[in-house]
Number of protein chains: 2
Amino acid sequence: MRIVLVGATGTLGRGIHEVLRERGHEIVTASRKGSDVPVDITDPASIRAMYEQLGEVDAVASAAGSVPWLPLDRLDHQDVLDGITGKVTSQVELVRQGAATVRGSFTLISGVLARDPLRTGAVASLANGAIEAFVRAAAIELPQRVNAVSPTVFTESMDAYGELFAGFEPVPVRQAANAYLRSIEGHQTGQVYEVG
Amino acid sequence: MRIVLVGATGTLGRGIHEVLRERGHEIVTASRKGSDVPVDITDPASIRAMYEQLGEVDAVASAAGSVPWLPLDRLDHQDVLDGITGKVTSQVELVRQGAATVRGSFTLISGVLARDPLRTGAVASLANGAIEAFVRAAAIELPQRVNAVSPTVFTESMDAYGELFAGFEPVPVRQAANAYLRSIEGHQTGQVYEVG
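Residues numbered from 1 in each chain as written. Chains lettered and ligands numbered in written order. Predicted model: local features only at pLDDT ≥ 70, side-chain atom pairs only at ≥ 80, totals over all residues. Heavy atoms only, no water.

A. Expanded view of the relation of the copies chain A and chain B. With an RMSD of 0.0 Å, chain A superimposes on chain B once it is rotated by 180° and translated 0.0 Å along the axis. On the angle and the small slide along the axis, the relation comes out as a two-fold axis. An overlap of 100% is found between the interface residues of chain A and their copies at the interface of chain B, pointing to a shared contact surface. (Least-squares fit on C-alpha atoms with pLDDT ≥ 70 in both. Contact = heavy atoms within 4.5 Å.)

B. Fine view of the interface of chain A and chain B. Taken together, the 35 residues of chain A in the interface contact 35 residues of chain B. Approximately 2800 Å² of surface area, both sides summed, lies buried where chain A meets chain B, with 72% of it carried by carbon and sulfur atoms. By the criterion of area lost to chain B, the three top residues of chain A are Leu-72, His-77 and Glu-141 of chain A, representing 22% of everything that side buries. Applying the counting rule to chain A against chain B returns 0 salt bridges. In this assembly, chain A and chain B are joined by 12 residue pairs in polar contact (both at pLDDT 80 or more). When residues of the side of chain A that touches chain B are traced back to their parent elements, those giving at least two are helix H3 (77–98) and helix H4 (122–139) of chain A. With 10 residues, the top contributor of residues to the side of chain A that touches chain B is H4 of chain A. Across the side of chain A that touches chain B, the residue classes tally to 22 nonpolar, 6 polar and 7 charged. (Buried area = accessible area lost by both parts, 1.4 Å probe. Salt bridge = Lys/Arg side-chain N within 4 Å of Asp/Glu carboxyl O. Polar contact = N/O pair within 3.5 Å; in protein donor to acceptor, adjacent residues only side chain to side chain. Helix = DSSP H or I, 4+ residues; strand = E, 2+ residues; numbered from the N terminus. Nonpolar A, V, L, I, M, F, W, Y, C, P; charged D, E, K, R; others polar.)

C. Representation of the side chain of Ser-110 of chain B in the model. Residues and elements named next belong to chain B. Summarising the element assignment, Ser-110 is placed in the loop between strand S5 (102–109) and helix H4 (122–139). Assessed through its relative accessible area of 4%, Ser-110 is described here as buried. Looking at Ser-110, its side chain comes within polar contact range of the side chain of Glu-132, at 2.6 Å. Setting aside chain neighbours within four positions, we find Ser-110 in contact with Lys-87, Asn-128, Ile-131, Glu-132, Ala-148, Val-149, Ser-150 and Pro-151. (Buried < 20%, exposed > 50% of the residue type's maximum accessible area, 1.4 Å probe, protein only.)

D. Just the packing of aromatic side chains, in detail. Residue and element names in this part refer to chain B. Taken as a whole and judged by the stated rule, the model has 2 aromatic pairs over all chains. Taken together, a centroid distance of 5.1 Å and an interplanar angle of 85° make the contact between Phe-165 and Phe-168 edge-to-face. When its relative accessible area of 6% is taken as the criterion, Phe-165 is described as buried. (Phe/Tyr/Trp six-rings, centres within 6.5 Å; stacked < 30°, edge-to-face > 60°.)

E. Spotlight on the side chain of Ser-105 of chain B. In this structure, Ser-105 of chain B sits in strand S5. Excluding residues that lie within four positions of it along the chain, Ser-105 of chain B makes contacts with Asp-58, Ala-59, Val-60, Gln-144, Arg-145, Ser-183 and Ile-184 of chain B.

F. Main features of the packing of H3 of chain A against H4 of chain A. Residues and elements named next belong to chain A. Interhelical geometry of H3 versus H4 gives an angle of 20° and a closest axis separation of 9 Å. On the basis of their axis angle, the class for H3 and H4 is roughly parallel. In terms of crossing hand, the pair formed by H3 and H4 is right-handed. Between H3 and H4, the residues in contact are Asp-79, Val-80, Gly-83, Ile-84, Lys-87, Val-88, Gln-91, Val-92 and Val-95 and Val-123, Leu-126, Ala-127, Asn-128, Ala-130, Ile-131 and Phe-134, respectively. In the contact of H3 with H4, the residues fall into 11 nonpolar, 3 polar and 2 charged. (Axes fitted to C-alpha atoms, helices over the stretch in contact; angles between N-to-C directions. Parallel < 35°, antiparallel > 145°, perpendicular 65-115°, else oblique. Left-handed = near helix turned anticlockwise from the far one by under 90°.)

G. Seen up close, helix H2 (residues 44–54) of chain A. Residue and element names in this part refer to chain A. What H2 keeps buried is the set Pro-44, Ser-46, Ile-47, Met-50, Tyr-51 and Leu-54. Seen along its axis, H2 keeps its buried residues to an arc of 160°; they face one direction. Across from the buried face of H2, at angles greater than 90 degrees, the exposed residues are Glu-52 and Gln-53. The residue sitting at the N-terminus of H2 and contributing the capping side-chain oxygen is Asp-43; that oxygen lies 3.0 Å from the backbone nitrogen of Ala-45. (Arc of directions from axis to C-beta.)

H. Local environment of the environment of Asn-147 of chain B. Residues and elements named next belong to chain B. Along the chain, Asn-147 falls in strand S6 (residues 145–151). For Asn-147, a relative accessible area of 0% puts it in the buried group. For the pair Asn-147 and Arg-182, spaced 35 residues apart in sequence, the C-alpha separation works out to 9.9 Å. Those residues within four positions of Asn-147 in sequence are excluded, and the remaining contacts are Phe-106, Thr-107, Leu-108, Val-135, Ser-183, Gln-188, Thr-189, Gly-190, Gln-191 and Tyr-193. Among the polar contacts listed, one links the side chain of Asn-147 to the backbone oxygen of Gln-188, at a separation of 3.1 Å.

I. A look at the nonpolar core. Core analysis: the biggest nonpolar cluster contains 93 residues, and Val-6 of chain A together with Val-6 and Met-50 of chain B have the highest contact counts within it. Contact partners of Val-6 of chain B, with chain neighbours within four places excluded, come to Ala-30, Val-39, Ile-41, Met-50, Val-60, Ala-61, Ser-62, Ala-63, Ala-64 and Leu-94 of chain B. (Core = buried A, V, L, I, M, F, W, Y, C linked by side-chain atoms within 4.5 Å.)

J. Representation of the sheet that holds strand S6 (residues 145–151) of chain A within the structure. All names here are of chain A. Here we have 7 strands laid out as an open sheet, ordered S3-S2-S1-S4-S5-S6-S7, and parallel in their pairing. Two strands lie at the open edges of the sheet, namely strand S3 (37–38) and strand S7 (192–195), each paired on one side alone. In this fold H4 packs onto strand S5 (102–109), S6 and S7, with an angle of close to 160° to the strand it touches most, S6. (Pairing = 2+ DSSP bridges.)

K. Spotlight on the confidence of the model for chain A. Confidence in the prediction of chain A, expressed as mean pLDDT, is 97, and 100% of residues score 70 or more. As scored by the predictor, the complex reaches a pTM of 0.98 and an ipTM of 0.97. (pLDDT = per-residue confidence, 0-100.)

L. Representation of the pairing of strand S2 (residues 26–31) of chain B. All names here are of chain B. Burial analysis of S2 places 5 of its 6 residues in the buried class, which makes it a mostly covered element. One ladder, built from 5 bridges, connects strand S1 (residues 2–6) with S2; its direction is parallel. Looking across to S2, one finds that Leu-5 is bridged to Thr-29. Between the parallel elements S1 and S2, the chain passes through helix H1 (residues 11–22) in a crossover that is right-handed. With 2 bridges connecting them, S2 and strand S3 (residues 37–38) associate as parallel partners. (Right-handed = clockwise from strand over helix to strand, strands pointing away.)

Written as structure tokens, this is what we have:
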């Protein structure tokens with residue numbers, strides 16, 4: 001399949017790239033910089049330009065989403081908006097605009113905070129909850145399949161985030177990447193693949 | 001208790017008002033017009049003015065949230081933003097700004113589409129999923145309790161929405177109002193009370 005991988009340069013994106021390449025797929029990487037196609041998913045016009053450049057693809061795999069991590073009493077209105085722009089409306093736009101030219105499936109990124117909150121993660125929780133419910137809803141309207149992958153913290157990220165995720169069982173990034181593969185090559189839609 | 005009821009004039013708001021009044025609570029109603037205190041919850045400055053006018057209250061009950069209902073292929077980026085402003089960031093602001101002066105609890109409105117999607121309801125699903133995950137997260141950071149009520153369609157609304165909710169078992173609005181009472185007088189936090 002011809003697959004566009006959005007957010008190709010992060011820990012998860014690189015893991016997805018490896019798994020999809022091993023399966024023989026043609027991967028077009030997309031990210032702010034350093035990828036085949038430049039895209040800023042917080043900007044709907046940039047997403048439009050990306051899809052115009054891509055032409056038809058079989059699948060969109062999104063591993064891109066950024067949210068502010070702040071204690072709730074230090075979070076301001078703009079932080080909430082930034083998190084929504086960074087992970088929710090961005091990925092909704094990938095689906096909405098891609099509906100015209102994507103043949104097979106969309107796989108979006110959520111995360112464990114949808115179900116297991118952590119202090120400083122209120123916006124992450126909100127964004128993930130929004131994405132998971134959106135995926136269930138979009139699946140019953142779109143001809144394409146739409147799923148989300150919702151991983152816990154990665155083994156590879158424990159140096160950076162281990163303090164915050166104390167006591168969580170981390171999973172290898174490859175396990176989350178396999179969930180993308182399952183979403184892309186599988187047959188289900190409207191699913192949230194919880195990893196870990 | 002002294003309770004501010006936001007969105008007091010809708011079907012649910014009136015039901016909550018009745019149940020809280022029967023329990024002897026002092027209710028201050030808030031809505032765009034026709035209430036004790038005027039508030040446009042899509043405007044953070046209006047929420048600030050509301051809390052300044054209110055002074056200390058024991059509980060905030062929000063029954064206010066509006067989202068666009070449109071087929072996904074007719075939904076534009078602005079519709080998604082409108083739904084987020086109408087039901088998500090609005091209620092997050094009620095909690096964020098209320099944290100300074102609310103003594104007891106916040107109860108927010110979600111809805112069945114978080115778990116059971118319907119065509120034309122993608123933004124409603126997204127908004128409800130966001131609110132439910134936010135409530136779980138806010139509960140572990142705030143000294144106040146924070147819950148959501150997530151009702152299915154109301155018996156009283158079946159004339160208007162029955163076609164869309166064909167086969168759903170409607171619940172009397174009073175049952176959702178009781179979930180607000182349970183949230184306000186009860187002891188739990190971070191809960192999503194599914195009604196129906």
